[in-house]
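For reference, the chains in residue letters:
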Number of protein chains: 2
Amino acid sequence: MQNSFTEENYLKIIHALSGREGLEVSTNALAESTSTRAASVTDMLRKLAEKGLIHYKKYQGVRLTEAGEKVAINVIRKHRLWEVFLVEKLGFGWDEVHDIAEELEHIPSDHLVERLDAFLGHPRFDPHGDPIPDAKGNLTEPDYFILTEAQIGEKVRMMGVLDHAPSFLQHLDRAGITLGCLIEITEINEYDKSASVQINENHTLFISLEVSKNLLVQRR
Amino acid sequence: MQNSFTEENYLKIIHALSGREGLEVSTNALAESTSTRAASVTDMLRKLAEKGLIHYKKYQGVRLTEAGEKVAINVIRKHRLWEVFLVEKLGFGWDEVHDIAEELEHIPSDHLVERLDAFLGHPRFDPHGDPIPDAKGNLTEPDYFILTEAQIGEKVRMMGVLDHAPSFLQHLDRAGITLGCLIEITEINEYDKSASVQINENHTLFISLEVSKNLLVQRR
DNA sequence: ATCTATTTTTAGGTTAATCTAAATTTTTTT
DNA sequence: AAAAAAATTTAGATTAACCTAAAAATAGAT
Ligand SMILES: [Mn+2]
Ligand SMILES: [Mn+2]
Ligand SMILES: [Mn+2]
Ligand SMILES: [Mn+2]
């Protein structure tokens with residue numbers, strides 16, 4: 001029995017919301033993320049539990065089973081590989097690829113995914129810095145931290161974003177903040193908590209707390 | 001209003017079945033091609049007529065409207081471009097790509113199609129020799145003819161196939177008959193109507209009438 | 001510990017795409 | 001021009017994925 005488009009999206013969202021601790025995900029949180037109503041979510045949860053893809057006890061929230069986790073990770077793998085393709089091969093901007101990958105991720109062919117992976121040179125990260133699970137389903141989250149946790153004077157490398165919204169990514173483009181760039185925090189401005197930073201040791205600018213909270217960075 | 005996956009498949013099939021003359025297509029022919037029952041086809045035809053995509057009068061068969069033709073051709077364009085991608089870039093065989101393209105053809109993004117087209121170098125034909133409609137929807141069928149219509153002694157070039165079944169394509173692979181190869185008919189064998197042919201002026205073999213009927217060729 | 005507010009589930013419907021069986025229309029044959 | 005056969009449509013159901021409104025369960029606040 002194949003999983004539908006819709007089922008795959010639920011599994012992927014449950015995976016995202018339960019984090020790496022595998023916390024229980026609530027019906028309302030799923031309704032929010034899927035843009036449906038709680039009653040619809042309950043229907044779907046019963047079906048997914050039936051298929052052995054989630055652990056579900058009424059009123060107790062859900063977690064993925066091993067089988068469900070496997071499906072979710074495969075969808076994530078496809079999503080991220082297609083994003084790499086769109087950016088690296090077709091020349092799309094990192095702000096343009098999410099919605100298209102949202103569709104491509106459901107194309108069912110293991111053969112296709114493996115060939116695509118090879119064609120792209122087995123990339124480890126997608127255009128937003130998110131790690132790409134390997135063919136066996138191993139997904140290792142790198143230990144990046146949020147820019148707000150960096151110290152004044154520290155030089156860090158930009159490794160990913162928490163917000164994937166096109167408007168945020170376009171804002172970063174305008175600021176010259178790209179994946180892999182060097183960021184040095186020169187000062188935290190008391191007035192609005194914005195940070196004065198130097199990018200790639202050549203230009204200086206303010207970045208708002210809102211932006212800092214959505215940037216993942218790495219020391220050294 | 002977007003067209004569904006299913007609607008797009010109906011339009012594409014109506015296009016194929018009505019041929020270049022734009023003949024009326026029967027309900028039963030559609031039921032056959034869509035692997036559904038006639039009653040289901042009737043339901044869908046009413047809906048497509050409602051949306052202005054087909055001309056439909058009860059019991060009289062259907063034809064595409066201008067709008068329907070446009071949608072159908074765009075789906076065909078996407079199908080064939082993705083097939084080129086799968087063969088040229090990912091290294092699939094021409095016998096492996098049809099089913100995958102059948103899914104990819106429904107990914108909705110004009111931007112994506114145009115970039116894919118450019119990435120592939122604006123190919124004019126797909127891996128089976130079928131012409132790829134241009135971005136404006138112009139589809140020009142080359143005037144190839146069937147190998148059975150060639151004369152003894154004639155040298156022709158293999159330009160396409162009528163049957164797209166993997167088993168047929170694999171059979172051609174085993175016979176060394178590829179797109180663009182030279183075929184010289186040396187003899188028609190009375191016994192079984194098979195043809196003795198020479199491929200690329202270097203190897204000789206029999207090909208059955210069944211095979212000849214599915215090969216499109218060009219003179220000189 | 002009880003009451004209140006929130007969350008979740010159940011009940012009952014809708015729509016798209018399918019089905020079978022029966023009715024109707026068209027086509028073919030006598 | 002009937003009668004028979006074939007093609008097509010209508011009628012009435014089913015399934016997946018959604019909905020609203022109402023009921024039930026859990027959590028939070030006195
Ligand atoms: Mn999706
Ligand atoms: Mn991404
Ligand atoms: Mn299709
Ligand atoms: Mn093709």
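Before going into details, it helps to say that this report is about the structure given with it. (Residues numbered from 1 in each chain as written. Chains lettered and ligands numbered in written order. Predicted model: local features only at pLDDT ≥ 70, side-chain atom pairs only at ≥ 80, totals over all residues. Heavy atoms only, no water.)

### Considerations on the side chain of Ser 109 of chain A
When you line up the elements, Ser 109 of chain A lands in the loop between α5 (98-104) and α6 (110-119). Among the polar contacts listed, one links the side chain of Ser 109 of chain A to the backbone nitrogen of Leu 112 of chain A, at a separation of 3.0 Å. (Helix = DSSP H or I, 4+ residues; strand = E, 2+ residues; numbered from the N terminus. Polar contact = N/O pair within 3.5 Å; in protein donor to acceptor, adjacent residues only side chain to side chain.)

### Some details on the protein's contact with DNA strand D
Every one of the 21 residues lining DNA strand D counts as a neighbour, but Ser 4, Ser 40 and Lys 47 of chain A together with Tyr 56 and Lys 58 of chain B are closest to it. The contact atoms of DNA strand D, taken as those within 4 Å of the protein, divide so that sugar and phosphate hold 75%. A distance of 2.4 Å separates a phosphate oxygen of DNA strand D from a polar atom in the side chain of Ser 40 of chain A. At 2.5 Å, a side-chain N or O of Lys 58 of chain B approaches a phosphate oxygen of DNA strand D. Among the secondary structure elements, those contributing two or more residues to the surface near DNA strand D are α1 (5-18) and α3 (38-50) of chain A together with α2 (27-34) and α3 (38-50) of chain B. The greatest single-element share of the surface near DNA strand D, amounting to five residues, is contributed by α3 of chain A. (Near = heavy atom within 4 Å.)

### Digging into unusual backbone geometry
Residues apart from glycine generally show negative phi values, whereas peptide bonds are mostly found in trans. Look at Lys 193 of chain A: it is not a glycine, yet its phi comes out positive at around 65°. For Lys 193 of chain A, the position within the fold is in the loop between β5 (182-188) and β6 (195-199). Located in the positive-phi region is Glu 201 of chain B, a residue other than glycine, with phi close to 55°. With respect to the element layout, Glu 201 of chain B can be found in the loop between β6 (195-199) and β7 (203-207).

### A closer look at the side chain of Glu 83 of chain A
Here Glu 83 of chain A shows up in helix α4 (residues 66-89). Not counting the four nearest positions on each side in its chain, Glu 83 of chain A is found in contact with Val 97, His 98, Ala 101, Asp 126, Pro 127 and His 128 of chain A. (Contact = heavy atoms within 4.5 Å.)

### Considerations on the relation of the copies chain B and chain A
The relation between the two copies of this chain is a rotation about an axis and a shift parallel to it. Once turned by 180° and shifted 0.0 Å along the axis, chain B lies on chain A with an RMSD of 0.0 Å. Here the symmetry operator amounts to a two-fold rotation axis. When C-alpha distances to the rotation axis are compared across chain B, the minimum falls at Leu 104 of chain B, with a value of 3.8 Å. (Least-squares fit on C-alpha atoms with pLDDT ≥ 70 in both.)

### Remarks on α3 of chain B
One full turn of an α-helix is made of 3.6 residues, so residues set three or four places apart face in the same direction. All names here are of chain B. Relative to the 18 Å expected for 13 residues at 1.5 Å per residue, α3 spans 18 Å between its end C-alpha atoms, a close match to the ideal helical length. Buried within α3 are the following residues: Val 41, Met 44, Leu 45 and Leu 48. Buried residues in α3, looked at end-on, bunch into an arc of 110°, giving them a common side. Turned more than 90 degrees off the buried face of α3, the exposed positions are Ala 39, Arg 46 and Glu 50. Looking at the buried positions of α3, the neighbouring elements they touch are α1 (5-18), α2, β1 (54-56) and β2 (62-64). (Expected span 1.5 Å × (residues − 1). Buried < 20%, exposed > 50% of the residue type's maximum accessible area, 1.4 Å probe, protein only. Arc of directions from axis to C-beta.)

### A few points about the pairing of strand β7 (residues 203-207) of chain A
Residues and elements named next belong to chain A. Looking at chain direction, β6 and β7 are connected through five bridges and run antiparallel. Of the residues in β7, the one forming a bridge with Ile 199 is His 203. If you look at the hairpin formed by β6 and β7, you'll find three residues sitting between the two strands, and Asn 200 has a positive phi there, around 50°. (Pairing = 2+ DSSP bridges.)

### Some words on the packing of aromatic side chains
Under the defined criterion, the tally for this structure stands at seven aromatic pairs over all chains. Judged by centre distance (5.6 Å) and plane angle (80°), the ring pair of Trp 82 of chain B and Phe 85 of chain B falls under edge-to-face. With a gap of three residues between them, Trp 82 of chain B and Phe 85 of chain B both fall in helix α4 (residues 66-89), about one helical turn apart. Each member of the pair, Trp 82 of chain B as well as Phe 85 of chain B, carries the same accessibility label: buried. Linked through ring pairs, Trp 82, Phe 85 and Phe 119 of chain A together with Trp 82, Phe 85 and Phe 119 of chain B together constitute an aromatic cluster. In this structure, Lys 89 of chain A is placed above the aromatic ring of Phe 119 of chain A, and the distance from its NZ or CZ to the ring centre is 4.5 Å. The ring of Phe 92 of chain A has Arg 115 of chain B sitting right over it, with the charged end atom 4.7 Å from the ring centre. (Phe/Tyr/Trp six-rings, centres within 6.5 Å; stacked < 30°, edge-to-face > 60°. Lys NZ or Arg CZ within 6 Å of the ring centre and 35° of its normal.)

### With respect to the coordination of the manganese ion (ligand 4)
When a metal carries six donors in an octahedron, the ideal angles between them are 90 or 180 degrees, while four donors in a tetrahedron ideally lie at 109.5 degrees. Residues and elements named next belong to chain B. Protein coordination of the manganese ion (ligand 4) is provided by Glu 83 (OE), Asp 126 (OD) and His 128 (ND1), with donor distances spanning 2.1 to 2.3 Å. Along the chain, the residues that donate to the manganese ion (ligand 4) are spaced as E-x42-D-x1-H. Of this pair, Glu 83 sits in helix α4 while Asp 126 sits in the loop between α6 (110-119) and β3 (145-146), and the two are 43 residues apart along the sequence. The pair formed by Glu 83 and Asp 126 is uniform in burial state, with each residue classed as buried. (Donors = N, O, S within 2.8 Å, 3.2 Å for Na, K, Ca; no water.)

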